[in-house]
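Examining the three-dimensional arrangement
If you want the building blocks of each chain, they are given just below.
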Amino acid sequence: MLRSLVGSEMCIRDRSRAVTLKGARLGRGEALAVVQPGTIEEALASLQACVDADACVVPQGANTSLTGGGVPRPHAEDRPQVVINMRRLNSIQPIDAGERFVCMAGAGIFDLSVAAGRVGRESHSVLGSMFLNPSVAAGIAFSSGGTQMRKGPVYTERVLYAVVDSNAKVRVVDSLGLKPTGAELYSKLEDSTLSDQDVLPNCALKGSLEDYKNQICEIDDTVARWNADTRGPAPNRSEGKLLILASVHDSFAKPSNPRTLWVSVKDFETAQKFKYDVCLKAAAVSYTHLRAHETPEHLVCRLLLEKKKKLIIASFFIFLVCVNFIFIHFLYISYTHILYHV
């Protein structure tokens, strides 16, 4: 059935060919098939076929599997698993003079950054893992990012996605904020033929967490960033519970005269004050652990220092053992000497 929907070459059942069953970083499992739809209609039909067959669906983007969420679960024997890989649906189109981009589910974040750069803008997800080109849809599903305080974690209210209703039927939800609908919309997404005339004017739906930069700097009793943050429409932090088809994301102005400053702080209180007094005035701020940007030279020095520290601790421990042994031996000799004289 799946082969008839997407073509035999795009429905892989040979496990030796199904590299998508293993994550590039972590995770490995087995699937009945790996489906690679080339159109939105194929993706929807494949999803419905899986639902009709009572199969478990694993939506997949670029298969980087940085969190293990894009590969089948091992030893899941209650139902067959089918991977729907969305990588072929990868168009990226600017709208609103480049202030926003419409991305299909398989578009990569590196490709998006290149597209934004062509119009003098920055994309949202500028991450350490972007060289792997993980998909935009995966960023929505797992709320990735957040190190750049001006941009926040991936979030959008403008999404085209599919859900399975209570009658086991696939239903499409469209909140992209575009005028075309149905087959016309799908065609313009796939053929990259959208224009600004296709955009609904004054769309109030957000393409990013606009207030995140303020929330992260507020010193109060609320949490600004946490795992499993499911605020907003269903696709945000959906973690595979639905199938994302396309989405709209804000882009950001590039600093006109950028300078990079590396700042380290001595304690948590200083970090909080720096965050509150300085970070809101900066164009882009990343917070990270010291070792995230460690050079090979620094790495060698740190390991040598840690090794030296461990040797010092071990030597001190051996010294204590020796002192303890000598003291006990002295007590034993003293005790036996006293007994001898008695």
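So, here is what we can say about the structure in this document.

Further remarks concern the pairing of strand S8 (residues 159–164). Within S8, five of the six residues are buried, which leaves it mostly tucked inside the rest of the structure. Pairing geometry for S8 and strand S10 (residues 243–250), over four bridges, is antiparallel. When the bridges of S10 are listed, Tyr161 appears paired with Ile244. One ladder, built from five bridges, connects S8 with strand S9 (residues 170–174); its direction is antiparallel. Note that in S9 the partner of Tyr161 across the bridge is Val173. Hairpin connection between S8 and S9: a loop of five residues separates the two successive antiparallel strands, and Ala168 in this loop has a positive phi of roughly 60 degrees.

Of all hydrophobic cores here, the largest spans 43 residues; its most connected members are Ile40, Met86, Leu160, Leu176, Leu189 and Leu245. For this core, the element with the most residues is helix H2 (residues 40–52), which contributes six residues. In contact with Ile40, not counting residues within four places along its chain, are Leu89, Met104, Leu160, Tyr186, Leu189, Glu190 and Leu245. Counting nine residues, the second-largest nonpolar core is a separate cluster that includes Phe101, Ala115, Met130 and Val136.

Turning our attention to the sheet that holds S8. Within a sheet, each strand pairs with its neighbour through backbone hydrogen bonds, oriented either parallel or antiparallel. Across the sheet, five strands lie side by side as S5-S6-S10-S8-S9; this open sheet has antiparallel pairing. The open sheet is flanked by strand S5 (92–95) and S9, the only strands paired with a single partner. Taking the axes of each pair of neighbouring strands and ignoring which way they run, one obtains an average angle of 20 degrees across the sheet. Both S5 and strand S6 (residues 100–104) contribute to a ladder of four bridges, which runs antiparallel. The residue of S6 that forms the bridge with Pro94 is Phe101.

By the secondary structure assignment, Arg121 is in strand S7 (residues 121–122). Within the buried core, Arg121 has no salt-bridge partner, and the shortest N-O distance to an opposite charge, that of Glu99, equals 5.3 Å. In terms of polar contacts, Arg121 uses its side chain to reach the side chain of Ser251, at 3.0 Å.

The next subject is unusual backbone geometry. A positive phi is found at Asp54, a non-glycine position, where the angle reads about 55 degrees. Relative to the helices and strands, Asp54 is located in the loop between H2 and strand S3 (56–60). Of note, the phi angle at Arg237 is positive, near 60 degrees, even though the residue is not glycine. With respect to the secondary-structure elements, Arg237 resides in the loop between helix H6 (212–215) and S10. Judged by its relative accessible area of 16%, Arg237 falls in the buried class.

Here we take up the pattern of salt bridges. Applying the stated criterion to the full structure yields seven salt bridges. We note a salt bridge from Asp54 to Arg79, for which the minimum N-O separation is 3.5 Å. With Asp54 in the loop between H2 and S3 and Arg79 in the loop between S3 and strand S4 (81–85), the pair connects residues that are 25 residues apart, well separated along the chain. Judged by relative accessible area, Arg79 falls into the partly exposed class, the value being 34%. A salt bridge links Asp250 to Arg100; the shortest N-O distance between them is 3.4 Å. With Asp250 in strand S10 and Arg100 in strand S6, the pair connects residues that are 150 residues apart, well separated along the chain.

On the surface, Leu261, Val263 and Val265 cluster together into a nonpolar patch covering about 290 Å² of accessible area. Looking at the element boundaries, Leu261 is found in the loop between strand S11 (252–253) and helix H7 (268–277). Leu261 gets classed as exposed once you look at its relative accessible area, which sits at 66%.

Within the secondary structure, Leu32 is located in the loop between strand S1 (11–12) and strand S2 (33–35). The class for Leu32 is partly exposed, based on a relative accessible area of 40%. In this structure, the C-alpha to C-alpha distance between Leu32 and Gln81, residues 49 residues apart in sequence, is 5.6 Å.

This part takes up the packing of H2 against helix H5 (residues 182–191). Between H2 and H5, the least distance of the axes is 9 Å, while the angle of their chain directions is 115 degrees. Along its contact with H2, which presents Ile40, Glu41 and Leu44, the element H5 presents Tyr186, Leu189 and Glu190. In terms of residue class, the contact of H2 with H5 is built from four nonpolar, no polar and two charged.

Once that is clear, we can look at H5. Taken residue by residue, H5 has Leu185, Tyr186, Lys188 and Leu189 as its buried positions. The buried residues of H5 occupy an angular sector of 165 degrees when projected down its axis, which confines them to one face. Exposed side chains of H5 directed beyond 90 degrees from the buried face belong to Ala183 and Asp191. Contact partners of the buried residues in H5: H2, S5, S6, S8, S9 and S10. Ser192 lies just past H5 and shows a positive phi near 55 degrees.

About the cut-offs
Here the residue numbers are simple positions, counted from 1 along each chain's written sequence. Per-residue local features are limited, in this predicted model, to residues with pLDDT of at least 70; the limit for side-chain atom pairs, both in listing and counting, is 80 or more; totals at the level of whole chains, interfaces and linings are taken over all residues. Hydrogens and water molecules were not included; the side-chain quantities draw on all heavy atoms of the structure. Think of it in three bands: with a 1.4 Å probe and only protein chains considered, a residue is buried below 20% of the maximum accessible area for its type, exposed above 50%, and partly exposed in between. Starting at the N terminus, helices and strands are each numbered in turn, a helix being any DSSP run of H or I of at least four residues and a strand any DSSP run of E of at least two. Two strands pair if DSSP finds at least two bridges between them. In this description, a nonpolar core means a group of buried Ala, Val, Leu, Ile, Met, Phe, Trp, Tyr and Cys residues linked to one another through side-chain atoms lying within 4.5 Å. In this description, contact between two residues means that some pair of their heavy atoms is separated by no more than 4.5 Å. For helices, the fitted axis covers only the stretch in contact; all axes are lines through C-alpha atoms, and the angles between them, taken along N-to-C directions, range from 0 to 180 degrees. Under the counting rule used here, the positive set is Lys and Arg, the negative set is Asp and Glu, and His together with the chain ends is not counted. For salt bridges, the criterion is a side-chain nitrogen of Lys or Arg within 4 Å of an Asp or Glu carboxyl oxygen. Pairs of N or O atoms within 3.5 Å make up the polar contacts considered here, provided that, within protein, one atom can donate a hydrogen while the other can accept it, and that residues adjacent in sequence are counted only when both atoms are side-chain atoms. In this analysis, a patch consists of residues with relative accessible area above 30% that form no salt bridge, clustered at 9 Å for like charges and at 5 Å for the nonpolar side chains Val, Leu, Ile, Met, Phe, Trp and Tyr. Residue-level accessible areas treat just the shown protein chains as cover; the underlying method is Shrake-Rupley with a 1.4 Å probe. Three residue categories are used. Nonpolar comprises Ala, Val, Leu, Ile, Met, Phe, Trp, Tyr, Cys and Pro, charged comprises Asp, Glu, Lys and Arg, and polar comprises the others, including Gly. Here the arc refers to the set of directions running from the helix axis out to each C-beta atom.

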